[in-house]
Amino acid sequence: EIDIEQIDITDQKVFKEIFGSGRTKGVFQFESGGMQDLLMKLKPDRIEDMIAANALYRPGPMENIPTYCEVKNGLRERASIHPLIDDILEETQGIIVYQEQVMKIANDLANYSMAEADDLRKAMGKKIPTIMAEHRERFVSGSAQNEIPAEQAAPIFSLMEKFGGYGFNKSHSAAYALIAYQTAYLKAHYPVEFMASLLTS
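Below you will find a few notes about this structure.

**Some words on the packing of helix H2 (residues 33-42) against helix H4 (residues 65-72)**
In contact at an axis separation of 9 Å, H2 and H4 are set at 30 degrees when each is read in the N-to-C sense. The orientation of H2 relative to H4 falls into the category roughly parallel. Between H2 and H4, the contacting residues are Leu-38, Lys-41 and Leu-42 on the first element and Ile-65, Tyr-68, Cys-69 and Lys-72 on the second. Its residues placed into classes, the contact of H2 with H4 shows five nonpolar, no polar and two charged.

And the structure:
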């Protein structure tokens, strides 16, 4: 009898034997060869790594996979985009990965309301040049109110624009990662029953 909602989500057997080893055939969202390669480089040891892996393995953020893995595993120093947003990017090794991070950066740095930040998120997804130009101006002027000069604010906006257009919604990624972890937990602890169910279904 297993209550899948009550399993230990910090079980290192699951992280090492399934995810870190790339043994993810039959594991929701993590079956592809590219994802297996990412997992073996990432060496995940917490659910937050799984959430990030889900979001990173997409066009746009994908180019940040090597940096994320190297910083996570202590092979490279974490770069700071700006001291005021280090805490926002703490869980993603200093890299913009999620749409929610884009919104929070706009809120903290440029005094966007959360409704305005959501409009920015939508605009980035649609990539309409005129609207993006308006937001760039709004972001730079808002940042100036917090004593962040245009020569610092403009490159931050460019980074947000580059990855925000492809950014994944963290809440969506978290739901995927949890189901993936639950699947991997069953594979790690009940491999025979897991494979029988997989083949049957």
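**Things to note about the side chain of Lys-187**
Tracing the backbone shows Lys-187 in helix H9 (residues 170-189). Of the buried charged residues, Lys-187 lacks a salt bridge, with Glu-31 as the closest side chain of opposite charge at 7.4 Å. Separated by 3.1 Å, the side chain of Lys-187 and the backbone oxygen of Arg-23 make a polar contact. Discounting residues that sit within four places of it in the chain, Lys-187 has contacts with Ile-18, Arg-23, Thr-24, Lys-25, Val-27 and Phe-194.

**Re the nonpolar core**
Val-14, Phe-19, Val-27, Phe-30, Leu-38, Met-50 and Tyr-181 are the most contacted members of the largest nonpolar core, which totals 31 residues. Secondary-structure elements contributing two or more residues to this core are helix H1 (12-19), H2, helix H3 (47-56), H4 and H9. Here this core takes seven residues from H3, the largest share from any one element. Among all residues touching Met-50, those that are not within four sequence positions of it are Phe-15, Phe-19, Phe-30, Leu-39, Pro-44 and Ala-177. Within the second largest apolar cluster, 23 residues are counted, among which are Ile-85, Phe-139, Ile-156 and Met-160.

**Side note on the side chain of His-82**
Structurally, His-82 can be placed in the loop between H4 and helix H5 (99-110). Judged by its relative accessible area of 11%, His-82 is buried. Those residues in contact with His-82 that lie beyond four places of it in its chain are Ile-148, Gln-152 and Ile-156.

**Focus on the pattern of salt bridges**
Enumeration over the complete set of coordinates arrives at 14 salt bridges. One continuous salt-bridge network, built from bridges that share partners, spans Asp-45, Arg-46, Asp-49 and Lys-72.

**Focus on the packing of aromatic side chains**
One pass over the structure, following the stated rule, counts seven aromatic pairs. On the numbers, 5.3 Å between centres and 85 degrees between planes, the contact of Phe-28 with Tyr-176 is edge-to-face. Of this pair, Phe-28 sits in the loop between H1 and H2 while Tyr-176 sits in helix H9, placing them 148 residues apart in sequence. Relative accessible area serves as the criterion here: at 32%, Phe-28 is assigned to the partly exposed category. For Tyr-176, a relative accessible area of 24% translates into the label partly exposed.

**A look at unusual backbone geometry**
Phi is positive for Lys-43, close to 50 degrees, though the residue is something other than glycine. Tracing the chain through its elements places Lys-43 in the loop between H2 and H3. Here Asn-111, not a glycine, exhibits a phi torsion of approximately 60 degrees, which is positive. Tracing the backbone shows Asn-111 in the loop between H5 and helix H6 (114-126). By relative accessible area, Asn-111 is classed as partly exposed at 34%.

**Some words on H1**
Where H1 is concerned, the buried positions are Val-14, Phe-15, Ile-18 and Phe-19. End-on, the buried residues of H1 take up no more than an arc of 105 degrees, which puts them together on one face. Tucked into the core, H1 has its buried residues touching H2, H3 and H9. The backbone nitrogen of Lys-13 has a side-chain oxygen 2.9 Å away, supplied by the residue at the start of H1, namely Asp-11.

**Looking at the packing of helix H7 (residues 129-144) against helix H8 (residues 150-164)**
Put simply, H7 and H8 touch, their axes get as near as 9 Å, and they point 140 degrees apart. The orientation of H7 relative to H8 falls into the category oblique. Pair H7 / H8 crosses with right-handed handedness. Here Met-132, His-135, Arg-136, Phe-139, Val-140 and Ser-143 of H7 lie close against H8, whose contacting residues are Ala-150, Ala-153, Ala-154, Ile-156, Phe-157, Ser-158, Met-160 and Glu-161. When grouped by side-chain class, the residues that make up the contact of H7 with H8 number nine nonpolar, three polar and two charged.

The rules behind the values
- For every chain, the first residue of the written sequence is number 1, and numbering continues from 1 onward in sequence order.
- Only residues with pLDDT of at least 70 get local features here, since the model is predicted, and only at 80 or more are side-chain atom pairs given and counted; chain-wide, interface and lining totals rely on the full set of residues.
- Each side-chain value is derived from all of the structure's non-hydrogen atoms; neither hydrogens nor water enter the calculation.
- For helices, the fitted axis covers only the stretch in contact; all axes are lines through C-alpha atoms, and the angles between them, taken along N-to-C directions, range from 0 to 180 degrees.
- Only DSSP runs of H or I covering at least 4 residues are called helices, and only runs of E covering at least 2 are called strands; the numbering of each starts at the N terminus.
- Angles below 35 degrees are treated as roughly parallel, those above 145 as roughly antiparallel, those between 65 and 115 as roughly perpendicular, and all remaining angles as oblique.
- The contact definition used throughout considers only heavy atoms, calling two residues in contact when any of these lie within 4.5 Å.
- Any residue outside Ala, Val, Leu, Ile, Met, Phe, Trp, Tyr, Cys, Pro, Asp, Glu, Lys and Arg is labelled polar, Gly included; the first ten of those are nonpolar and the last four are charged.
- Categorising residues by exposure relies on relative accessible area from a 1.4 Å probe, with only protein chains included: less than 20% of the type maximum marks a residue as buried, more than 50% marks it as exposed, and the intermediate range marks it as partly exposed.
- Charge assignment: positive for Lys and Arg, negative for Asp and Glu; neither His nor the chain ends contribute.
- In the sections that follow, a salt bridge refers to a side-chain nitrogen of Lys or Arg positioned within 4 Å of a carboxyl oxygen of Asp or Glu.
- Whenever a nitrogen or oxygen atom comes within 3.5 Å of another N or O atom, the pair is scored as a polar contact, on the condition that within protein one atom can donate a hydrogen and the other can accept it, and that pairs from neighbouring residues in sequence are kept only if both atoms are in side chains.
- To qualify as a nonpolar core, a set must consist of buried Ala, Val, Leu, Ile, Met, Phe, Trp, Tyr and Cys residues joined through side-chain atoms within 4.5 Å.
- Pairing of aromatic rings covers Phe, Tyr and Trp, the last counted by its six-membered ring, and requires centre-to-centre distances within 6.5 Å; plane angles under 30 degrees mean stacked, over 60 mean edge-to-face, and any other angle means tilted.
- By arc we mean the arc of the directions from the helix axis to the C-beta atoms, nothing more.
- The crossing is said to be left-handed when, going from far helix to near helix, the turn is anticlockwise and less than a right angle, and right-handed when the turn is clockwise.

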